[in-house]
Amino acid sequence: MMKRLSSIYLWLVYAFLYVPIGIVMVYSFNSARFATNWRGFTWGWYAKLFANRQLMDAALNTLTVATLAATLAAALGTLAALVLHRYRFRGRKVLHGSIFVLTVSPDIVMGIAMLMFFIALRIDLGFLTLLIAHITLCLPFVAVTVLARLAEFDENIVEAAKDLGATESRAFRHIILPLIMPAVAAGWLLSFTLSMDDVLISFFVSGPSFEILPLKIYSMVRLGVKPDINALSAVMFTLTVVLVLTAHALTKARRK
Amino acid sequence: MQKISSRFVRTSIVVVTLWLSIFVLAPQAMLLIATFLERGQQDFLTTTFTLGNYVRLFDPVFLLIFWESFRLAGITTLVCLLFGYPFAYILATSRRTLRPWLLLLVIIPFWTNSLIRTYAMVIILKSGGVLSNVLLWLGLIDQPISLMYTDFAIFIGFSYTLLPFMILPLFAAIEKLDMRLLDASKDLGATAFQTFRHVTLPLTMPGIVAGCMLVFLPALGMFYVPEILGGSRFMLLGNYITNQFLMARDWPLGAAASTILTATLIMMILVYLRSVRASARSGEGALEGELLSTEGA
């Protein structure tokens with residue numbers, strides 16, 4: 001009895017989480033323009049979506065920033081995890097402190113802090129500021145993922161490599177990096193997703209000249225419900241599912 | 001832990017430390033300093049010291065916004081906890097082979113763009129929307145209703161977007177729980193409620209606090225949820241801060257309001273650290289480890 005109730009409760013919550021998104025996806029194929037009832041199947045909204053130049057430009061910008069931000073965050077985050085895990089140095093406290101601040105400060109505060117910073121330094125808001133903000137946002141996610149991997153790492157392997165004459169950087173390249181690669185890759189994927197989905201920080205640091213998808217969606221949603229938003233939401237949701245599944249597969253491979 | 005010997009390591013340390021100092025610590029420090037400066041005509045800020053920005057926040061209008069935001073964020077957090085805890089418990093005690101997949105079903109909405117999820121709620125709640133149609137069909141109402149532009153809509157929107165943020169840390173805490181302790185408590189004659197109250201609850205407290213933080217803080221900051229679901233009638237803290245920066249151009253006031261937000265957060269972290277110490281777990285980076293490992297789970 002208890003077990004029955006438990007699983008009913010479980011699936012009710014899942015329904016709460018998935019039904020709204022599911023409805024959006026179903027509606028993205030609905031040929032009715034305003035009505036919420038079903039008027040027949042169509043690919044039309046997707047065609048309209050992919051024919052919208054501005055939107056496609058914004059999508060391209062989003063993917064460019066997400067790819068670059070994820071890659072640079074993966075590099076910096078891995079280095080941060082490595083030095084935090086293996087070495088004692090004077091900047092350690094600064095490093096820990098900033099990762100702590102990054103983790104706990106609300107996105108909106110981070111967004112406005114960066115906005116003020118960029119404006120004070122007279123850096124024009126646009127691609128560069130967005131990229132910097134996203135790298136910074138993603139860095140701790142990579143660092144923590146890689147740190148978890150390093151924690152179960154056998155230090156003796158590196159010692160062996162050094163005894164055989166490897167320098168620190170060669171040991172990193174040939175021993176440590178291959179072993180932590182799944183974690184780095186998972187960190188990359190999570191960073192990519194994070195960058196693609198961020199609204200709050202992008203809202204403050206992107207500027208009018210460089211448009212990205214989440215902010216496009218924001219201005220579209222503010223103007224009301226339109227079927228092409230359904231299609232766009234469906235595309236972005238599907239992309240998120242693929243990315244999360246891949247990251248999940250990578251972290252699972254790690255645990256084996 | 002080793003001494004630094006090579007140029008590669010030294011370069012890495014310098015690059016990473018510089019990046020974080022410049023793009024994390026410097027902006028945050030600037031924000032804090034700005035709260036003590038007067039507003040400028042041309043440059044947003046002057047170099048005159050003042051406490052006036054904090055005084056200005058004692059305005060009844062702001063206090064009302066502050067109170068409303070905390071009330072809504074608080075209710076959202078409480079409801080997410082009440083619904084999330086049993087869910088996380090069932091998840092954490094489910095069959096081992098099934099568990100990763102069930103967990104994955106929570107992780108996917110966790111990573112889905114919150115704007116898209118807010119938009120999905122518009123589809124459900126708007127006049128002639130899904131909920132209205134379902135209620136009509138059930139005969140519970142006789143004409144289409146709209147739940148949009150109410151504080152209920154904002155609350156539902158927050159709960160919908162933030163529930164996974166509550167479940168994941170709870171799950172992590174409950175999964176770590178040693179079930180033998182519960183058996184021991186039962187063997188010693190405790191009722192189910194006593195066991196929960198004195199064993200399960202204290203041991204999962206770090207997860208509860210982490211989950212509450214991950215729900216409460218975004219609920220204060222995500223300005224687009226009240227804007228989309230509540231309309232312009234509802235001004236919450238996130239909207240207020242955003243407006244000071246983008247519309248009113250009153251940086252010091254906006255900065256002071258966000259500093260209050262951060263101060264609240266620090267108070268919550270202190271509570272968290274105490275609960276961590278209570279369960280005898282400590283160590284450098286425990287909090288960010290806890291928060292981030294569940295986010296990237």
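Structure: see above.
If you're wondering where the values come from, they're calculated on a predicted model, not measured in any experiment.

1. Re the overall build of chain A
Piece 1. When its secondary structure is counted, chain A shows 11 helices and zero strands.
Piece 2. Of the regular secondary structure in chain A, the N- to C-terminal order runs α-α-α-α-α-α-α-α-α-α-α.
Piece 3. In terms of overall dimensions, chain A has a C-alpha envelope of 70 × 65 × 30 Å along the principal axes.
Piece 4. Taken across its 256 residues, chain A has 55% of its residues classed as buried.
Piece 5. When contacts within chain A are restricted to residue pairs at least 6 apart in sequence, long-range pairs at least 24 apart make up 72% of them.
Piece 6. By element, 67% of the accessible surface of chain A is carried by carbon and sulfur atoms, the whole surface being about 11,200 Å².
Piece 7. Between the averaged position of the 23 positive side-chain charges in chain A and that of its 13 negative side-chain charges there is a distance of 6 Å.

2. Comments concerning the interface of chain B and chain A
Piece 1. Counting from both sides, the interface comprises 94 residues of chain B and, opposite them, 94 residues of chain A.
Piece 2. Contact between chain B and chain A buries roughly 8,500 Å² in total, counting both sides, with carbon and sulfur atoms accounting for 80%.
Piece 3. Along the contact surface separating chain B from chain A lie one salt bridge.
Piece 4. In this structure, the salt-bridge partner of B:Glu227 is A:Arg222, at a minimum N-O distance of 2.6 Å.
Piece 5. Our count for the chain B to chain A interface comes out at nine residue pairs in polar contact (both at pLDDT 80 or more).
Piece 6. Looking at the side of chain B that touches chain A, the element that brings in the most residues is helix α1 (residues 7–34) of chain B, giving 20 residues.
Piece 7. Of the residues contributing to the side of chain B that touches chain A, the split by class is 64 nonpolar, 22 polar and eight charged.

3. What to know about the pattern of salt bridges
Piece 1. This model, assessed by the stated rule, comprises 13 salt bridges over all chains.
Piece 2. Its salt-bridge partner being A:Lys162, residue A:Glu168 comes within 2.9 Å of it at the nearest N-O pair.
Piece 3. The partly exposed category is assigned to A:Lys162, whose relative accessible area is 24%.
Piece 4. Of the charged contacts in the structure, one is a salt bridge between B:Asp250 and B:Arg56, with a shortest N-O distance of 2.7 Å. Of this pair, B:Asp250 sits in the loop between α12 (237–246) and α13 (251–278) while B:Arg56 sits in helix α2 (residues 52–56), and the two are 194 residues apart along the sequence.
Piece 5. The partly exposed category is assigned to B:Arg56, whose relative accessible area is 37%.
Piece 6. When salt bridges with common partners are traced through the structure, they connect A:Arg86, A:Glu155, A:Lys162 and A:Glu168 into a single cluster.

4. A short note on the state of the cysteines
Residues and elements named next belong to chain B.
Piece 1. The final tally for this structure, using the stated rule, is zero disulfides over all chains.
Piece 2. Not part of a disulfide, Cys 80 finds its nearest cysteine sulfur in Cys 212, a span of 9.0 Å.
Piece 3. The buried category is assigned to Cys 80, whose relative accessible area is 2%.

5. Focus: the nonpolar core
Piece 1. B:Leu20, B:Leu91 and B:Tyr224 are the most contacted members of the largest nonpolar core, which totals 182 residues.
Piece 2. Among the elements that line this core, the one with the most residues is helix α3 (residues 53–86) of chain A, at 16 residues.
Piece 3. Apart from residues lying up to four places away in sequence, B:Tyr224 is in contact with A:Val199, A:Leu200, A:Tyr218, B:Ser114, B:Leu115 and B:Thr118.

6. Quick word on helix α1 (residues 2–27) of chain A
The periodicity of an α-helix, 3.6 residues per turn, causes residues three or four places apart in sequence to face the same way.
All names here are of chain A.
Piece 1. Between its first and last C-alpha atoms α1 spans 37 Å; for 26 residues at 1.5 Å apiece the expected length is 38 Å, and the two agree.
Piece 2. Remark: the principal bend of α1, roughly 35 degrees, maps to Tyr 18, with a proline, Pro 20, within the next four residues.
Piece 3. When α1 is considered as a whole, its buried residues turn out to be Ser 6, Leu 10, Val 13, Tyr 14, Leu 17, Pro 20, Ile 21, Ile 23, Val 24 and Tyr 27.

7. Considerations on unusual backbone geometry
Piece 1. Backbone geometry places A:Arg122, a non-glycine residue, at a positive phi of 60 degrees.
Piece 2. The residue A:Arg122 is located in the loop between α5 (107–120) and α6 (127–151) in this model.
Piece 3. By relative accessible area, A:Arg122 is classed as exposed at 66%.
Piece 4. For B:Arg249, which is not a glycine, the phi torsion comes out positive at approximately 55 degrees.

8. Structural notes on the packing of aromatic side chains
Residues and elements named next belong to chain B.
Piece 1. This model, assessed by the stated rule, comprises 33 aromatic pairs over all chains.
Piece 2. Measuring from centroid to centroid gives 5.4 Å for Phe 70 and Phe 216, while their planes differ by 70 degrees, and the two rings are edge-to-face. Taken together, the residues span a long stretch of sequence, with Phe 70 in helix α3 (residues 60–92) and Phe 216 in helix α10 (residues 205–221) at a distance of 146 residues. Here Phe 70 matches Phe 216 in class, with each residue buried.
Piece 3. Taking the centre distance of 5.9 Å and the plane angle of 40 degrees together, the rings of Phe 245 and Trp 251 count as tilted.
Piece 4. Of note, Arg 117 hangs over the ring of Tyr 160, and the distance from its end group to the ring centre comes to 4.3 Å.

9. Some details on the environment of A:Arg39
Residue and element names in this part refer to chain A.
Piece 1. Inspection of the secondary structure puts Arg 39 in the loop between α1 and α2 (44–51).
Piece 2. Take Arg 39: its relative accessible area is 52%, and that puts it in the exposed class.
Piece 3. In this structure, the C-alpha to C-alpha distance between Arg 39 and Leu 189, residues 150 residues apart in sequence, is 38 Å.
Piece 4. Excluding anything up to four places from it in sequence, Arg 39 contacts Asn 30, Ser 31 and Ala 32.

Reading guide: rules and limits
Residues numbered from 1 in each chain as written. Chains lettered and ligands numbered in written order. Predicted model: local features only at pLDDT ≥ 70, side-chain atom pairs only at ≥ 80, totals over all residues. Heavy atoms only, no water. Helix = DSSP H or I, 4+ residues; strand = E, 2+ residues; numbered from the N terminus. Buried < 20%, exposed > 50% of the residue type's maximum accessible area, 1.4 Å probe, protein only. Contact = heavy atoms within 4.5 Å. Areas by Shrake-Rupley, 256 points an atom, 1.4 Å probe, with all protein chains shown as cover. Lys, Arg positive; Asp, Glu negative; His and termini not counted. Charge placed at Lys NZ, Arg CZ, Asp CG, Glu CD. Buried area = accessible area lost by both parts, 1.4 Å probe. Salt bridge = Lys/Arg side-chain N within 4 Å of Asp/Glu carboxyl O. Polar contact = N/O pair within 3.5 Å; in protein donor to acceptor, adjacent residues only side chain to side chain. Nonpolar A, V, L, I, M, F, W, Y, C, P; charged D, E, K, R; others polar. Disulfide = S-S within 2.5 Å. Core = buried A, V, L, I, M, F, W, Y, C linked by side-chain atoms within 4.5 Å. Expected span 1.5 Å × (residues − 1). Bend = angle between axes of the 7 residues up to and from the residue. Phe/Tyr/Trp six-rings, centres within 6.5 Å; stacked < 30°, edge-to-face > 60°. Lys NZ or Arg CZ within 6 Å of the ring centre and 35° of its normal.

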